[in-house]
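Working through the structure, step by step
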Amino acid sequence: MKSFLIIAIDGGAASGKSTASATLAENLHFLHVDTGFHYRAVTFYLLKKGVALDSEKAIEKGLERLELGTEVQGQTAYLILNGKAFSLKEVRSEDVNQAVSVVAAIPYVRQFLLEYQRSQVKVARDHHFSGIVMEGRDIGSVVLRNADLRVFLYADVETRMRRRAHQGEMDSIEHRDKIDSTRKAAPLVQVPGAVMIDTTDLSKEGVVELILEKVKSINDELTSEGKFVAK
Ligand code: CDP
């Protein structure tokens, strides 16, 4: 019997989540969902609307009647807001980098996105993917607690700053990490049972290889129980 595998990847800013998730999705024919993109798109939308981001009330009002949709392009699911798609350039601007962690710390905003994020599993099944790989800060701890594999990516801060600068982005990752790790609502944590990978001295391929090894051993276990057969 063919089933479906769920992988949760969490980690701090520029820890290598997106590259690893996208490559895994391609290798395994999984749907890739980047929840950082969701928080970024919502932040961009609020900034565009001129909503005062220091007021939770204003943010709640700003999100009223906002419709969430999904567009699947290749292996990736993109969030659509009121029918509008966002470019990477828009959601990775300096303004969004500065504001996103403040917006993402608001419980109302997280609740607003939670069911949508969980619904992506159905999107993946409906599109006949063999599984889903979802990345963020609270995927293993909150969004997909029942994931078959939970991965926590780590890299030291100098390495992460170098990576971000290499991408040509202005981004205070230490500041974002501090807000993300210390907030009350769904903070960035390494949950017990998650596989920790230190990517500091690893190549992109090296990270993916390690995760694929884990997928293989989980797949072997599930296959012996008759639950999953990889492509
Ligand atoms: O790509 P990078 O690691 O810089 O960040 P991202 O994954 O695009 O996430 C941007 C921001 O969204 C994070 O700094 C968090 O504040 C927030 N976020 C979150 O709170 N929960 C998630 N599951 C994903 C992102």
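First things first, this report covers the structure right here in the doc. This structure is a prediction, so every number in the text was calculated from the model and none was measured. (Residues numbered from 1 in each chain as written. Predicted model: local features only at pLDDT ≥ 70, side-chain atom pairs only at ≥ 80, totals over all residues. Heavy atoms only, no water.)

**Focus on the pattern of salt bridges**
- The tally for this structure, following the rule as stated, stands at eleven salt bridges.
- Across the salt bridge formed by Asp171 and Arg176, the nearest N and O atoms sit 2.6 Å from each other. The exposure classification of Asp171 matches that of Arg176, with both residues buried.
- A salt bridge links Lys216 to Asp220, with the shortest nitrogen-to-oxygen separation between them at 3.2 Å. Taken together, the positions of Lys216 and Asp220, both in helix H10 (residues 204-224) and four residues apart, correspond to about one turn of that helix. (Salt bridge = Lys/Arg side-chain N within 4 Å of Asp/Glu carboxyl O. Buried < 20%, exposed > 50% of the residue type's maximum accessible area, 1.4 Å probe, protein only. Helix = DSSP H or I, 4+ residues; strand = E, 2+ residues; numbered from the N terminus.)

**Overview of the site of the ligand**
- Taken together, 21 residues are adjacent to the ligand, and Arg40, Arg110, Arg164, Arg176 and Asp180 come closest.
- Arg92 places a polar side-chain atom, nitrogen or oxygen, 3.2 Å from an oxygen atom of the ligand.
- With respect to the ligand, the side chain of Asp180 contributes an N or O atom lying 2.6 Å from an oxygen atom.
- Bound to the protein, the ligand loses 99% of the 530 Å² it would expose on its own. (Near = heavy atom within 4 Å. Polar contact = N/O pair within 3.5 Å; in protein donor to acceptor, adjacent residues only side chain to side chain. Areas by Shrake-Rupley, 256 points an atom, 1.4 Å probe, with all protein chains shown as cover.)

**Brief notes about helix H1 (residues 17-28)**
- Along its twelve residues, H1 runs 16 Å from first to last C-alpha, staying within 8% of the 16 Å computed at 1.5 Å per residue.
- Considered for burial, the residues of H1 that qualify are Lys17, Ala20, Ser21, Leu24, Ala25 and Leu28. What you see down the axis of H1 is that its buried residues fit within an arc of 130°, all on one side. Away from the buried face of H1 by more than 90 degrees, exposed residues Glu26 and Asn27 are located.
- Those residues of H1 that are buried are in contact with strand S1 (5-11), strand S2 (31-34), strand S5 (131-136), strand S6 (149-154) and H10.
- His29 sits one or two positions beyond H1 and adopts a positive phi of about 55°. (Expected span 1.5 Å × (residues − 1). Arc of directions from axis to C-beta. Contact = heavy atoms within 4.5 Å.)

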